[in-house]
Amino acid sequence: MSSVVPVLFKVPLLLLAAYSNFITFTPPNPRTAPDEQSKYATAKWIVRQVRPPWVRALEKTITQSFILFEVATILAMYAPSSLAQQVLPMLAWRPASSALGVRLTSTFLVGAVLCAIGGVVRILCYRALGRHFTFELSLRKDHKLVTDGPYSVVRHPSYTALIMVTVGTLLCLTGSGSWLSESGILNTLIGRLLVIAWAAEVVWIPIVMILRVGTEDEILRKEFKDEWEAWSKRTPYKLIPGLI
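Residues numbered from 1 in each chain as written. Predicted model: local features only at pLDDT ≥ 70, side-chain atom pairs only at ≥ 80, totals over all residues. Heavy atoms only, no water.

**Some thoughts on unusual backbone geometry**
The cut-off we apply is this: Here a helix means four or more residues in a row that DSSP labels H or I, a strand means two or more in a row labelled E, and each is numbered from the N terminus.
Even without being a glycine, Asp142 presents a positive backbone phi close to 60°. As for its placement among the helices and strands, Asp142 is situated in the loop between helix H5 (106-129) and helix H6 (157-174). One non-glycine residue, Lys225, lies in positive phi territory at about 50°. The topology assignment puts Lys225 in the loop between helix H8 (189-224) and helix H9 (226-234).

**Here we look at the nonpolar core**
Convention followed: In this text, buried Ala, Val, Leu, Ile, Met, Phe, Trp, Tyr and Cys residues form a nonpolar core when linked through side-chain atoms within 4.5 Å. With a 1.4 Å probe rolled over the protein chains alone, any residue whose accessible area is under 20% of its type maximum counts as buried; one over 50% counts as exposed, and the rest are partly exposed.
Of all hydrophobic cores here, the largest spans 26 residues; its most connected members are Tyr40, Phe133, Leu145, Tyr151, Tyr159, Leu220 and Trp228. Every element with two or more residues in this core is listed here: H5, H6, H8 and H9. By residue number, the principal contributor to this core is H8, which donates seven residues.

**With respect to the packing of aromatic side chains**
What counts is decided by this rule: Side-chain rings of Phe, Tyr and Trp, where Trp is taken by its six-membered ring, are said to pair if the distance between their centres is within 6.5 Å; with planes under 30 degrees apart they count as stacked, over 60 as edge-to-face, and otherwise as tilted. Note on criteria: charge over ring means Lys NZ or Arg CZ within 6 Å of the ring centre, with the direction from the centre no more than 35 degrees off the ring normal.
For the coordinates displayed, the defined rule picks out five aromatic pairs. Where Phe66 meets Trp198, the ring centres are 5.1 Å apart and the plane angle is 85°; that geometry is what we call edge-to-face. Of this pair, Phe66 sits in helix H3 (residues 53-77) while Trp198 sits in helix H8; the two residues are 132 residues apart in sequence, bridging distant segments of the chain. Assessed through its relative accessible area of 4%, Phe66 is described here as buried. These aromatic residues form a ring-pair network of at least three members: Phe66, Phe69, Trp179 and Trp198. Positioned over the ring face of Phe108 is Lys10, at 4.5 Å from the centre of the ring.

**A word on the packing of helix H1 (residues 10-24) against H5**
The following threshold applies: Fitted lines through C-alpha atoms serve as axes, helices being fitted only where they are in contact, and the angles separating the N-to-C directions of these axes extend from 0 to 180 degrees. For any pair of crossing helices, the crossing counts as left-handed if the nearer helix is rotated counterclockwise from the farther one by less than a right angle, and right-handed if it is rotated clockwise. In this description, contact between two residues means that some pair of their heavy atoms is separated by no more than 4.5 Å.
The interhelical angle for the contact between H1 and H5, taken along N-to-C directions, is 35°, at an axis separation of 9 Å. For H1 against H5, the interelement crossing comes out left-handed. The residues of H5 that touch H1, namely those facing Lys10, Leu13, Leu14, Leu16, Ala17, Tyr19, Ser20, Ile23 and Thr24, are Phe108, Leu109, Ala112, Cys115, Ala116, Gly119, Arg122, Ile123 and Tyr126.

**Let's talk about a nonpolar patch on the surface**
Using the following cut-off: Patch membership requires more than 30% relative accessible area and the absence of a salt bridge. Residues of like charge join within 9 Å; the nonpolar side chains Val, Leu, Ile, Met, Phe, Trp and Tyr join within 5 Å. With residues, only the protein chains shown are counted as cover, and all accessible areas are computed by Shrake-Rupley using a 1.4 Å probe. Salt bridge, as applied in this entry: a Lys or Arg side-chain nitrogen positioned within 4 Å of an Asp or Glu carboxyl oxygen.
There is a patch of nonpolar side chains on the surface, built from Val203, Trp204, Ile207 and Leu211 and spanning about 340 Å² of accessible area. The topology assignment puts Ile207 in helix H8. The exposure class assigned to Ile207 is partly exposed, which follows from its relative accessible area of 37%.

**With respect to the packing of H3 against H6**
For the record, the criterion: Just so you know how the angles are binned, under 35 degrees is roughly parallel, over 145 roughly antiparallel, 65 to 115 roughly perpendicular, and the rest oblique. We call Asp, Glu, Lys and Arg charged. Ala, Val, Leu, Ile, Met, Phe, Trp, Tyr, Cys and Pro are nonpolar, and the rest, Gly among them, are polar.
One can describe the packing of H3 onto H6 by two numbers: an axis separation of 11 Å at closest approach and a directional angle of 40°. Classed by the angle they form, the pair H3 and H6 counts as oblique. The hand of the H3/H6 crossing is left-handed. Residues Thr63, Phe66, Ile67 and Glu70 of H3 pack against Thr169, Cys172 and Leu173 of H6. Among the residues forming the contact of H3 with H6, the class breakdown is four nonpolar, two polar and one charged.

**As for the side chain of Arg155**
For clarity, the cut-off: Side-chain atoms alone can form a polar contact between residues adjacent in sequence; in general such a contact is a pair of N or O atoms within 3.5 Å, and within protein one must be able to donate a hydrogen while the other accepts it.
Along the chain, the position of Arg155 falls in the loop between H5 and H6. Of note is the side chain of Arg155, whose polar atom sits 3.2 Å from the backbone oxygen of Pro236. Apart from residues no more than four positions distant in its own chain, Arg155 is found in contact with Asp217, Trp228, Trp231, Ser232, Thr235, Pro236, Tyr237 and Lys238.

**Observations regarding the UniProt feature "transmembrane region" (unreviewed entry) in the protein chain**
Put simply, the rule is: UniProt positions are given in the numbering used here, feature names are shortened, and annotations may be inferred rather than shown by experiment.
What UniProt calls "transmembrane region" (unreviewed entry) maps, in this numbering, to residues 66-84, 104-125, 159-181 and 193-215. Its end C-alpha atoms 28 Å apart, residues 159-181 is made of 83% helix and 0% strand. This span, residues 193-215, is 100% helix and 0% strand, and a straight line between its end C-alpha atoms measures 34 Å.

**Some remarks on the environment of Ile240**
Structurally, Ile240 can be placed in the segment after H9. In this structure the C-alpha to C-alpha distance between Ile240 and His156, which are 84 residues apart in sequence, comes to 9.0 Å.

**A short note on the pattern of salt bridges**
All told, the structure shown has six salt bridges when counted by the stated rule. Residues Glu218 and Lys222 are paired through a salt bridge, measuring 3.9 Å at the closest nitrogen-oxygen approach. Linking Glu218 with Lys222, this pair stays in helix H8, spanning four residues, or about one helical turn. Residues joined by salt bridges that share partners form a network here, namely Glu218, Arg221 and Lys222.

Pasting the structure below:
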């Protein structure tokens, strides 16, 4: 595919993936008060966990750094040879010519599409819920059950969006033709440990979100009773229309 479509086409798609990640993992509202989280106090410990801000910031920084390194590598490939010879060795752990392996692949395109759609859905969820959208499991004061917009398609669209962005990011940044796979960083012990820790953290987030689904449904059912029951009948699927 790279012989047909210039690798430079990856740059805007990588920036789009970066923006989708920023939107998805940045809280749209301040942290809720302890009393607003009280109705979830009996939920399992694992589903009540919210990553500390410093962990969230570190994960986002690493993700954005991988994207930045790939963008810089691609731009250097189009720079004058004298400049490229100076820049590319700083972005690789093996001969600079390995940068030529960075290319556009079908796997990357699938990942970019997932990131784009997931980012848009996440924004729609923020807008639909407004002040009620929090990263913590909570019921705000004067909480309302939102059933329109993306919440008329599935009951937990924000988690669907997060999973899409997470899977898309992994496809974009770790597949064949990516900076991570072509730069040689995975040939170093520190590089392998860093990437494994980062990937584990990225994968862990949607797992926790999936585990939350049942807990959220149960608490909302108890809080809104008939209103929730009517919504669940109109919107029977939790994450994927027609499947789950």
